[in-house]
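Per-entry structural report
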Amino acid sequence: MTEKPKNVFFSFPKNFWTVIVMEFFERGSYYGVMSIFSVYAVLSISEGGLGFSKESVGVLKSVIQPLLYILPILSGAIADRFGYRKTLMFAFAVMSTGYFLTSMATSYYLVFASMIMMVLGAGTFKPIISGTIARSTNEKNSTVGFGIFYWSINLGAFIFPLILVPILKEISWSYIFIMAAIGTGWLLLLNFFVYKEPEKPKSTKTLGEVLTGAVMVLKDFRFIIMIVIYSGFWILYFQMFDTVLWYFKDYIDKTPVEAAINGFLGIFIQNPSWKFAEEHVTVINAGTIILLQIVISSIVKNTKALPTMITGIALGTIGMGILAISTHAWVFMAGIIIFSIGEMT
């Protein structure tokens with residue numbers, strides 16, 4: 001009698017699902033904040049914002065975004081050396097504190113310092129989750145495992161801005177940061193009581209060896225060219241949380257989308273008053289990826305890397321270009337959707 005094949009979802013250990021929950025709440029908190037931060041920061045004080053200039057917000061974001069992607073190079077080595085659980089405790093404590101302090105800060109330098117704390121925690125957190133997933137999967141289920149991981153990122157980025165941010169924003173903008181502080185702070189408990197330290201790799205590199213390796217990689221001319229090309233795309237991506245939000249708020253005619261959504265909601269409730277707001281830019285981006293990631297992946301899985309990369313960059317550029325041709329809400333949405341398809345390509 002042959003043994004019935006085991007469902008792949010039941011093949012993952014508890015640690016895998018623990019870090020998936022961590023990733024969902026951490027990314028939901030992060031994208032919940034980033035979906036509105038640039039608008040909140042430049043909004044006048046009388047309207048409940050911080051009253052910063054767009055130039056000063058640009059400086060802040062140009063510091064914290066690179067840090068978020070540079071820190072994992074170092075924090076991965078630190079986690080291997082001192083343990084994942086200890087490093088996660090540090091990451092969640094610093095991240096949650098950063099969000100909470102940002103909720104109370106009103107001066108530019110205090111907001112800047114608080115956001116640096118948040119990014120320090122987020123950058124430390126990143127490699128530990130992917131490292132745990134790598135150690136919790138095998139050749140048979142790793143593809144599905146990392147697929148669930150990427151879905152959890154976009155699910156958090158979809159749900160938090162769609163549901164929580166609009167509700168909290170009506171009370172006070174600062175509540176969105178408190179939400180993020182709670183969303184990441186409770187993960188300290190999950191880490192302490194549920195997460196288990198994975199088995200350490202047979203050999204771990206020292207921080208010095210990691211830095212030396214990074215320098216050696218940077219000497220590869222072809223690698224640098226690839227980084228420059230990709231950087232151009234990610235510059236476009238980061239505009240989704242800055243200039244695109246300002247453009248959306250100041251210039252886009254939101255009436256057609258609001259009329260369509262409220263017409264649909266009117267079937268179920270009386271006098272709906274849904275508003276198409278800046279946080280929904282992130283919702284459209286994440287929702288597109290959730291819906292189409294499997295389809296796009298199946299299309300490009302057998303294509304060469306370079307043509308795929310060029311297609312993705314081209315679609316992203318076209319998507320951003322579409323935003324400039326009209327202030328109509330449906331055209332704006334089409335641009336974001338096309339850009340998102342380019343992002344996942």
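Position labels on residues start from 1 in each chain and follow its written sequence. Side-chain atom pairs in this predicted model are given and counted only at pLDDT of 80 or more, local residue features only at pLDDT of at least 70, and totals for whole chains, interfaces and linings cover all residues. To obtain the side-chain values, all non-hydrogen atoms of the structure were included, while hydrogens and water were left out.

**Here's the deal with the environment of Glu-55**
Relative to the helices and strands, Glu-55 is located in helix 3 (residues 54-82). Counting along the chain gives 24 residues from Glu-55 to Ala-79, while the straight-line C-alpha distance between them is 36 Å. Helix and strand definitions here come from DSSP, where helices need a minimum of 4 consecutive H or I residues and strands a minimum of 2 consecutive E residues; each element is numbered from the N-terminal end.

**A word on the packing of helix 12 (residues 255-265) against helix 15 (residues 329-344)**
Describing two packed helices takes the angle between their axes plus the distance from one axis to the other. Following both chains from N to C, one finds helix 12 and helix 15 inclined at 90 degrees, their axes separated by 7 Å at the closest point. Between helix 12 and helix 15, the crossing angle belongs to the class labelled roughly perpendicular. Each of Pro-256, Val-257 and Ala-260 in helix 12 lies in contact with helix 15, whose residues at this interface are Ala-329, Trp-330 and Met-333. When residues are sorted by character, Ala, Val, Leu, Ile, Met, Phe, Trp, Tyr, Cys and Pro go into the nonpolar class, Asp, Glu, Lys and Arg into the charged class, and all the rest, Gly among them, into the polar class. Among the residues making up the contact of helix 12 with helix 15, the classes are represented as six nonpolar, no polar and no charged. Helix axes use the C-alpha atoms of the stretch in contact, all axes being lines fitted to C-alpha atoms, and the angles between their N-to-C directions lie in the range 0 to 180 degrees. Just so you know how the angles are binned, under 35 degrees is roughly parallel, over 145 roughly antiparallel, 65 to 115 roughly perpendicular, and the rest oblique. Contacts are assigned to residue pairs with any non-hydrogen atoms lying within 4.5 Å of each other.

**Brief notes about the side chain of Lys-254**
For Lys-254, the position within the fold is in the loop between helix 11 (243-251) and helix 12. When a residue's accessible area, from a 1.4 Å probe over protein chains only, is under 20% of the maximum for its type it is buried; when over 50% it is exposed; and in between it is partly exposed. In this tally, Asp and Glu contribute negative charge and Lys and Arg positive charge; neither His nor the terminal groups of the chain are included. A side-chain nitrogen of Lys or Arg and a carboxyl oxygen of Asp or Glu constitute a salt bridge if their distance falls within 4 Å. The charged side chain of Lys-254 is buried without a salt bridge, its nearest counter-charge being Glu-258 at 6.7 Å. Those residues within four positions of Lys-254 in sequence are excluded, and the remaining contacts are Phe-248, Lys-249, Phe-276 and Ala-329.

**Quick word on the environment of Ile-296**
Mapped onto the fold, Ile-296 is located in helix 13 (residues 279-300). Distance from Ile-296 to Ile-341, taken between C-alpha atoms, is 7.8 Å for residues 45 residues apart in sequence. Not counting residues up to four positions away in its chain, the partners in contact with Ile-296 are Ile-341, Met-344 and Thr-345.

**Considerations on unusual backbone geometry**
Phi is positive for Asn-271, close to 50 degrees, though the residue is something other than glycine. Relative to the helices and strands, Asn-271 is located in the loop between helix 12 and helix 13. The exposed category is assigned to Asn-271, whose relative accessible area is 74%.

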